[in-house]
Structure formats: C-alpha cells, structure tokens
Amino acid sequence: MTPTAGPAQGNHRATYRGVLAEPRFRLLFSTRAVSITADALRITTFSVLVYSSTGSALLSAVAFGTGFLPQLFGSLLLGSLADRLPPRALITGGYAVTCAAALLLALVRMPIAASLAVVALVSLATPVSHGASSRLVAQSLKGDAYVLGRSLNNIAGAGAQLFGLALGGAAVAALGPRRALAVSALLYLGCALAVRIRLPRLRPTEYGGNPGDAVGERGAVRASLQGAGLLLRGRTVRRLLVAQWLPPAFVAGAEGLIVAYAGERHFAPGWYAVLMGCLPVGMLVGDLLVGRLLRPRGRERLVVPLTVLSGLPLIGFAAQPGVGVSSCLLLLAGFGYAYGLGLQRPFLDALPPEGRGQAFGLLGSGSMTLQGVGPVCLGSVAAGLGTGGAIAVAGGAVTLTAGWMLTWHRAGREPSRTTIPASTTASS
C-alpha cells in the first residue's frame with residue numbers, strides 16, 4: 001500500500017463521511033473506541049479495588065497512574081516492533097494481553113505489589129500495538145483524510161473515556177470491583193476478536209516490514225533505542241513531538257486540581273463533576289468544528305492561536321472564579337485542544353516511512369507519561385499558590401509553549417524528513 005501522501009495533497013478538504021467509508025479505518029476506529037471505554041473502566045475499577053483492599057489513598061493513586069509511566073519505557077525499548085511485525089498480530093495481541101491482565105486481576109487475589117506489577121508490565125506493550133494501529137491508519141488514509149481520521153479518534157476517545165468512567169461507577173456499584181474488571185476483560189476480548197477476524201493479514205511490503213527480519217529480543221531493543229534516538233535528534237520531528245506533548249500535559253495538570261479547587265471554593269456537591277466534564281466537552285466541540293469546517297492550511301495557520309486558547313482561559317483561575325465562569329473557562333480551554341489537528345499533517349510528512357509505527361508509539365507514550373507527571377508537578381505548585389494559582393500557572397505554561405511554537409511553526413509547514421538507516425529497522 002502506498003504511504004500517505006505528504007504536502008502534495010495541497011488544500012483539499014476531506015469529509016468525515018468519506019473517512020468512515022474506509023473499511024480498515026472503520027474497524028480500527030470502532031475497536032479503539034471500545035478499548036478506551038474498557039481502559040477507563042479497568043483503570044478506575046482497579047484503583048477502587050486497591051483502595052478497598054488497603055484504605056490507602058496513595059496506593060489508590062499509584063494504581064490509577066501505574067499504567068502510564070511504563071509506556072515510555074516500552075516505546076523506547078520495544079517501539080521498533082511496530083514497524084517490523086504484522087499489524088494484525090500486534091493489535092490483536094495487545095488487546096488479548098490486556099484482556100488476560102484484567103481477568104487475572106479479577107479472578108486472582110494477589111498482593112498489591114504483584115497487581116501493580118501486572119498492570120505495569122502490560123503497559124510496556126501498549127505503545128507497540130498502538131504504534132502499529134496508528135501506522136496502519138496513516139497508510140489507509142491519505143492527505144486531509146488522515147487528519148480527519150485523527151480528529152475522529154480524538155472525538156471518540158473523549159466520548160469513550162467519559163462513558164467508561166460512568167460505566168465504571170455503575171459497574172462497581174452493581175457488580176463489585178472484581179466483576180467490573182471482568183466486564184472490561186470482555187470488552188478487550190471483543191476488540192481482539194474483531195481485529196483478528198476482520199483485519200486481513202498483510203504482506204511485509206504492505207506494512208513496511210522486511211521478510212528477512214528476525215525479531216530477537218536483543219535486536220529489537222537495540223533497534224528501538226537507535227530508532228528513538230534518531231527520531232528525537234531530528235529537529236523537526238522533535239519539535240512536533242514536544243508541541244504535541246507539552247500543552248496536554250499542562251492542561252492535564254490543571255484538570256487534576258479541579259476537584260480540590262471546587263472544594264476550596266466550597267462549591268455545592270457534584271459541581272466538581274460538571275467542571276471536570278467541561279474540558280472533554282470543549283475538546284469534542286473543538287475537534288468537530290475545526291476538523292469539519294476548516295481546510296488543511298486553515299488548521300495549520302491556527303495552530304498557535306488555538307494553543308493560546310487552550311492556555312489563556314486557565315490563567316483566569318488566578319481570580320478564583322465561581323462555578324459559571326469556571327465552566328466557561330474550561331470549555332474554552334478544551335476547545336483549544338483542536339490545535340493538534342494542524343500539526344498532524346506536518347508530523348506525518350516529517351516521519352520516515354520505515355519508522356512511522358515507532359514514532360506514533362513514541363508520540364502516544366510520551367504524551368501519556370507527561371500527562372501523568374503533570375498533575376504531580378501542579379499539585380506541588382498548589383501547595384504554595386493554592387489550586388487557583390496552580391491552574392493559572394498551567395495556563396501560563398501553555399501560553400509560553402505557544403510562543404515557542406510561533407518561532408518555528410511557519411518554517412515547520414514544510415518539514416524535512418528524518419531518515420532511519422536500514423540497520424536500525426532490521427534485527428541484528
């Protein structure tokens with residue numbers, strides 16, 4: 001299959017209907033939405049299970065975040081496999097392994113340390129399966145269709161996460177945490193079966209692998225480290241990665257303080273949930289409108305203004321606003337998240353075809369890791385400035401990031417492509 005075209009696609013605007021008409025994307029899109037629902041259900045339920053077993057808020061928080069940080073190590077050590085192995089096997093295997101882990105947590109009463117280790121080990125493989133899936137999407141959708149495909153994934157991801165959180169609360173209340181974990185396992189199993197049955201087995205030339213590749217552990221690790229190093233040393237790719245990592249990390253840090261902010265301001269019970277829902281609602285609306293109404297060049301011109309929009313409203317929390325104003329500020333900040341759509345095409349154009357799977361895995365794992373670190377850092381700031389001040393600091397950091405992006409974004413519209421030598425994509 002011919003890789004997605006680069007700048008030659010011009011300013012042609014695709015449609016969501018046309019994107020969803022592509023069978024391969026439709027399969028990956030639907031299974032990803034179900035898996036995100038399962039992720040939210042599994043993560044929150046596991047956190048509840050740990051808290052009910054230990055009574056420790058710290059261990060409950062560790063349980064919530066233990067699946068995020070190891071993803072970066074998985075991407076660095078195993079990321080090259082996303083470009084070297086058949087995507088159907090990787091995607092199916094990723095869902096199957098997560099299903100097995102959820103079943104293990106549901107059925108076997110293990111020490112807390114062992115349960116955390118299971119979750120951490122499974123998360124090491126997440127960037128590989130996600131990288132293979134993203135690479136396949138990039139090969140299936142060309143030009144602006146790829147950007148709208150990413151937009152649809154963002155929209156479905158936000159909606160599925162909200163639904164998964166709600167489903168988790170209901171499932172724990174009705175079934176208990178262990179049976180709720182079993183429900184998440186069934187969802188993963190459905191995704192694995194759907195991909196295994198409906199996604200055709202591709203030849204190495206169709207997904208970029210080399211027929212002679214041997215996937216020994218040592219060769220995979222060495223190739224992954226070399227490939228990640230080459231991606232990060234390329235200035236264009238590095239800038240585009242950081243630009244997609246930092247604003248979400250700062251906003252996630254602010255989001256992690258919403259409950260405490262509502263408590264400090266003595267809002268009525270339940271309002272914290274409304275405030276927490278404002279960011280994903282704003283993201284849904286922003287991705288839908290920016291993706292549907294603007295042409296590719298228009299989205300790319302609005303990258304910096306939309307980044308500013310995702311940070312500037314958060315600075316308003318320094319004034320300690322009430323519920324109504326806070327909700328509006330969070331909605332606007334969520335809308336600004338659509339800035340990422342204008343970076344998708346330049347990022348794809350800058351990637352070497354033989355390293356796209358690893359690059360997509362690195363993008364996702366780096367983002368997840370920093371979004372896990374963001375709340376911890378902003379929580380430390382809140383100890384000195386209060387939650388409103390800390391949220392404002394997050395907004396200021398996003399705005400400064402937008403200023404940095406302004407210095408290179410225009411030149412980055414025609415990025416140079418990083419080249420990964422063949423030695424890093426073949427096993428040693």
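Since we're looking at a predicted model, the values are computed, not measured.

Student: Help me out: how do you make sense of the overall build of the protein chain in this one?
Tutor: From N to C terminus, the protein chain includes 19 helices and zero strands. For the protein chain, the proportion of its 428 residues judged to be buried stands at 53%. A separation threshold of at least 6 residues defines the contact pool for the protein chain, and within that pool the share at least 24 residues apart is 88%. Accessible surface for the protein chain amounts to roughly 17900 Å². Of this, 66% is attributable to carbon and sulfur atoms.

Student: Honestly, the pattern of salt bridges in this entry has me stumped. Any pointers?
Tutor: Opposite charge on two side chains lets them pair, provided their charged atoms get close. Summed over the entire model, instances satisfying the criterion amount to four salt bridges. Here D39 ties to R42 by a salt bridge, and the two come within 3.7 Å at their closest N and O atoms. Taken as a pair, D39 and R42 lie in helix α2 (residues 23–54) at a separation of three residues, close to a single helical turn. Owing to a relative accessible area of 23%, D39 belongs among the partly exposed residues under this scheme. Ionic pairing is found between R345 and E300, a salt bridge with its closest N-O pair at 3.0 Å. A residue pair is termed long-range when its members are at least 10 positions apart, and R345 in helix α18 (residues 341–350) and E300 in helix α15 (residues 296–301) qualify at 45 residues. Each member of the pair, R345 as well as E300, is classed as buried.

Student: Help me understand unusual backbone geometry in this model?
Tutor: Where the residue is not glycine, phi is negative for most of them; where a peptide bond is considered, it is trans in most cases. The residue H266 is not glycine, and still its phi comes out positive at about 60°. Looking at where H266 falls in the secondary structure, it is placed in the loop between α13 (258–264) and α14 (271–293). Taking the relative accessible area as the measure of exposure, H266 reaches 69% and is therefore exposed. Its identity is not glycine, yet Q320 carries a phi of approximately 55°, on the positive side. Summarising the element assignment, Q320 is placed in the loop between α16 (303–315) and α17 (323–336).

Student: Help me out: how do you make sense of the packing of helix α4 (residues 69–78) against helix α7 (residues 112–140) in this one?
Tutor: Each pair of packed helices can be summarised by the angle the axes make with each other and by the distance between the axes. Across the interface, α4 lies against α7 with an axial gap of 7 Å and an inter-helix angle of 55°. Regarding the angle of α4 to α7, the classification is oblique. As for the relative orientation of α4 and α7, their crossing is right-handed in sense. Judged by residue contacts, P70, Q71, F73, G74, S75 and L78 of α4 engage A120, S123, L124, T126, P127 and V128 from α7. Here the contact of α4 with α7 is composed, by residue class, of seven nonpolar, five polar and no charged.

Student: Help me understand the packing of aromatic side chains, please; the structure alone is not making it clear to me.
Tutor: How two aromatic rings sit relative to each other is set out by the distance from centre to centre and by the angle between their planes. In the structure shown here, the tally under the stated rule is six aromatic pairs. Taken together, a centroid distance of 6.2 Å and an interplanar angle of 65° make the contact between F347 and F360 edge-to-face. Placement of F347 in helix α18 and of F360 in helix α19 (residues 356–406) is noted, with a sequence separation of 13 residues between them. Comparing F347 with F360, the two get one shared label, buried. Clustering of aromatic rings is evident, with ring pairs tying together Y146, F347 and F360.

Student: When you look at a nonpolar patch on the surface in this model, what are you seeing that I'm missing?
Tutor: There is a patch of nonpolar side chains on the surface, built from V281, V285, L289, L293 and L331 and spanning about 380 Å² of accessible area. Sort the elements by how many residues they give to the nonpolar patch and α14 lands first, with four residues. The exposure class of L293 is exposed, given its relative accessible area of 55%.

Student: Would you explain the side chain of T31 in this entry?
Tutor: Structurally, T31 can be placed in helix α2. T31 gets classed as buried once you look at its relative accessible area, which sits at 5%. At a separation of 3.2 Å, a polar atom in the side chain of T31 contacts the main-chain carbonyl oxygen of L28.

Student: Could you clarify how one ought to interpret the nonpolar core in this entry?
Tutor: Y146, F347 and M405 are the most contacted members of the largest nonpolar core, which totals 62 residues. With seven residues, the single largest contributor to this core is helix α8 (residues 144–175). When residues no more than four places from it in sequence are discounted, the contact partners of M405 are A243, V303, V304, T307, Y339 and L343.

Student: Looking at this structure, how should I read the environment of A338?
Tutor: Structurally, the position occupied by A338 is in the loop between α17 and α18. Exposure remark for A338: the relative accessible area of 2% places this residue in the buried category. Sequence-wise, A338 and L309 are 29 residues apart; in three dimensions their C-alpha atoms are separated by 9.7 Å. If we skip the residues at most four places from it in the chain, A338 touches G286, D287, V290 and L306.

Student: How should the packing of helix α6 (residues 87–107) against helix α9 (residues 177–198) be read in this particular structure?
Tutor: Their axes nearest at 8 Å, the elements α6 and α9 cross at an angle of 165°. With respect to their mutual orientation, α6 and α9 come out roughly antiparallel. When you trace α6 past α9, the crossing you get is left-handed. Between α6, through R88, I91, T92, Y95, A96, T98, C99, A102, L103, L105 and A106, and α9, the contact on the second element is made entirely by R178, L181, A182, S184, A185, Y188, L189, C191, A192, V195 and R196. The residue inventory of the contact of α6 with α9, partitioned by class, reads 16 nonpolar, three polar and three charged.

Student: Any chance you could explain α7 here in plain terms?
Tutor: An α-helical turn contains 3.6 residues, so a residue and the one three or four places further along point in the same direction. An ideal rise of 1.5 Å per residue puts 42 Å on 29 residues; α7 measures up with 42 Å between its terminal C-alpha atoms. Along its length, α7 shows its largest kink, about 30°, at A125, and proline P127 lies within four residues downstream of that point.

Student: Would you mind going over the environment of Y16 with me for this structure?
Tutor: Tracing the backbone through its elements, the reader meets Y16 in helix α1 (residues 16–20). For Y16, a relative accessible area of 10% corresponds to the buried category. Once you skip the residues sitting within four places of it in the chain, Y16 turns out to touch L148, S151, L152, I155, D287, L288, G291 and R292. Within polar-contact distance, the side chain of Y16 engages the backbone oxygen of D287 at 3.2 Å.

Cut-off values and rules
- Residues numbered from 1 in each chain as written.
- Predicted model: local features only at pLDDT ≥ 70, side-chain atom pairs only at ≥ 80, totals over all residues.
- Heavy atoms only, no water.
- Helix = DSSP H or I, 4+ residues; strand = E, 2+ residues; numbered from the N terminus.
- Buried < 20%, exposed > 50% of the residue type's maximum accessible area, 1.4 Å probe, protein only.
- Contact = heavy atoms within 4.5 Å.
- Areas by Shrake-Rupley, 256 points an atom, 1.4 Å probe, with all protein chains shown as cover.
- Salt bridge = Lys/Arg side-chain N within 4 Å of Asp/Glu carboxyl O.
- Axes fitted to C-alpha atoms, helices over the stretch in contact; angles between N-to-C directions.
- Parallel < 35°, antiparallel > 145°, perpendicular 65-115°, else oblique.
- Left-handed = near helix turned anticlockwise from the far one by under 90°.
- Nonpolar A, V, L, I, M, F, W, Y, C, P; charged D, E, K, R; others polar.
- Phe/Tyr/Trp six-rings, centres within 6.5 Å; stacked < 30°, edge-to-face > 60°.
- Patch = residues over 30% accessible without salt bridge, like charges linked within 9 Å, V, L, I, M, F, W, Y side chains within 5 Å.
- Polar contact = N/O pair within 3.5 Å; in protein donor to acceptor, adjacent residues only side chain to side chain.
- Core = buried A, V, L, I, M, F, W, Y, C linked by side-chain atoms within 4.5 Å.
- Expected span 1.5 Å × (residues − 1).
- Bend = angle between axes of the 7 residues up to and from the residue.

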